[in-house]
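# Remarks on the overall topology
One-letter residues, chain by chain:
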Amino acid sequence: MSKVIDVELRSIMKKFQNNIVVQDFNLQVEQGEFVSFLGPSGCGKTTTLNMIAGFLEPDGGDLLIKGQRMNGVPPYKRELGMVFQTYSLFPHMTVAENVAYGLKLRKLSKAEIQERVKRVLELVKLPHVADRYPKQLSGGQRQRIAIARALVIEPSLLLLDEPLSNLDAKLREELRDELKRLHQEIGVTTIFVTHDQEEALSLSDRIVVLNHGFVEQIGTPEDIYNRPASEFVHTFIGKTNRLEGEVAGIEGDALFVKTDGGLLIEARGGGRYAFAPGQKTVVFIRPEKIGLSDQPVEEGANRANGKLRISSFLGSYTECDVTLKGHSMSVKVQKLEKGMSFSPEKAISCSWEPEDVLVMPVERG
Ligand code: ATP
């Protein structure tokens, strides 16, 4: 069976005055998919979401919802549910009245409104706050009500613009899980804007990584994390060690890079790029992929002795700054070797696997 496409962006472009802020944005969102727009502040996430919602008009390209061209169609005719970063509930209305608002506009019968409001409040697990006013709710509860209000109209598309970013860390995580559950339960096609990579990784079927108005990569969380299309994507999605060097040898699918400090790194070649001996490269290894030991190793590819500089205990792991051949590197240790302790200037050794090394050509410009 062919996939149903709920939202399609075809070469969408947006400019403010002469400043292009979204360029050549192409995307197809399938029915039931959860897609995140991820990127730093100012990269064009909200602008794109607002074009899908109809609050802004594209200056180029076509926008389709359920196969219909939507350029020029006002927001209220798009049947979308939207939740913003700030709680956008009406303060003078009770929770039930807030949730019922969109249904009243659609002139549904009183009985049906009551029934739908009751159902959606149960869905967000807040049936007991129906008669309260927004100011009598916690921040997390207000956002749940905002989500309920967006869902009650049974939208064809749910648009979420950083709905978790005003909440404290624990609530954020709770509501993130809640969003995931809701999406699994009702399966509404959802577009979620965030600058938080963990949120995007944990919630999305696919992530669109944006940078300066350009799409850097579209892929599953796994793709984005393990097979980044650019240095920007790799560094934006999580902490990493970046080392520069040049290709010292190629043997079958093994690619050897010697860093400027003399560290020999083996990676798996044959990926996205073709390399030639002597070529300048940049190498990335994530902190959690490096093993740390207090026993010296015989040095070789992906094995080197060095020194511990600082360690910070962070509960579920310890973050260590180490020096290897003059390179300052970060190592995330989840499980300590038996009897091992951390003390500054302690001799240590590090090792990692070729599969965990990412090599890219040095980006020009
Ligand atoms: P944030 O996470 O900070 O909201 P964002 O990725 O959502 O960032 P946008 O709000 O889409 O970014 O903004 C993209 C660019 O467009 C920014 O450079 C911003 O300054 C600019 N911009 C947004 N709205 C307008 C406007 N109404 N007039 C002029 N420039 C605008």
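Residues numbered from 1 in each chain as written. Predicted model: local features only at pLDDT ≥ 70, side-chain atom pairs only at ≥ 80, totals over all residues.

- Labelled according to an unreviewed UniProt entry, the protein chain appears under the name Spermidine/putrescine import ATP-binding protein PotA, originating from Brevibacillus composti.
- Word for word, the UniProt comment on the protein chain under Subunit (unreviewed entry) is "The complex is composed of two ATP-binding proteins (PotA), two transmembrane proteins (PotB and PotC) and a solute-binding protein (PotD)."
- In its Function (unreviewed entry) section, UniProt records this for the protein chain: "Part of the ABC transporter complex PotABCD involved in spermidine/putrescine import. Responsible for energy coupling to the transport system." (UniProt positions renumbered as here; feature names shortened; annotations may be inferred.)

### Section: the site of the ligand
- Taken together, Phe16, Val21, Gly39, Ser41, Gly42, Cys43, Gly44, Lys45, Thr46, Thr47 and His195 make up the full set of residues near the ligand.
- Top element by residues in the shell around the ligand is helix H1 (residues 45-53). It accounts for 3 residues.
- When its residues are assigned to classes, the shell around the ligand shows 3 nonpolar, 7 polar and 1 charged. (Near = placed C-beta within 6 Å. Helix = DSSP H or I, 4+ residues; strand = E, 2+ residues; numbered from the N terminus. Nonpolar A, V, L, I, M, F, W, Y, C, P; charged D, E, K, R; others polar.)

### Remarks on the pairing of strand E6 (residues 80-83)
- Side chains Leu80 and Met82 project from E6 onto one buried face, and the interleaved Gly81 and Val83 project onto a second face that is buried too.
- Note: E6 against strand E7 (residues 157-161), 4 bridges, orientation parallel. Within the sheet, the bridge partner assigned to Met82 lies in E7 and is Leu159. (Buried ≥ 20, exposed ≤ 12 C-beta atoms within 10 Å, placed from the backbone. Pairing = 2+ DSSP bridges.)

### Observations regarding the sheet that holds strand E13 (residues 264-268)
- Strand order in the open sheet made by the 5 strands is E13-E12-E11-E14-E20, with antiparallel pairing throughout. For this open sheet the edge positions go to E13 and strand E20 (357-361), each flanked by a neighbour on one side alone. Across the sheet, the mean angle from the axis of one strand to that of its neighbour is 45 degrees, orientation sign disregarded.
- Inspection of the sheet shows strand E12 (residues 254-259) paired to E13 by 5 bridges, in the antiparallel sense. (Axes fitted to C-alpha atoms, helices over the stretch in contact; angles between N-to-C directions.)

### Looking at the domain arrangement of the protein chain
- If you check the domain split of the protein chain, you get domain 1 (5-236) and domain 2 (241-361).
- For domain 1 and domain 2, the distance between their C-alpha centres works out to 39 Å. (Domains from an automatic or database assignment.)

### Observations concerning helix H5 (residues 169-186)
- Taking 1.5 Å of rise per residue, 18 residues should cover 26 Å, and H5 covers 26 Å from first to last C-alpha, within 8% of that figure.
- Within H5 the residues assigned to the buried category are Leu175, Leu179, Leu182 and His183. An end-on view of H5 places all buried positions within 95 degrees of arc, on one side of the element. Among the exposed residues of H5, those oriented more than 90 degrees off its buried face are Ala169, Lys170, Asp177, Gln184 and Glu185.
- Each element contacted by the buried residues of H5 is listed here: strand E3 (34-38), helix H3 (110-123), helix H4 (139-151), strand E8 (190-194) and helix H6 (197-203).
- Of the residues flanking the end of H5, it is Gly187, one or two places downstream, whose phi is positive at about 65 degrees. (Expected span 1.5 Å × (residues − 1). Arc of directions from axis to C-beta. Contact = placed C-beta atoms within 7 Å.)

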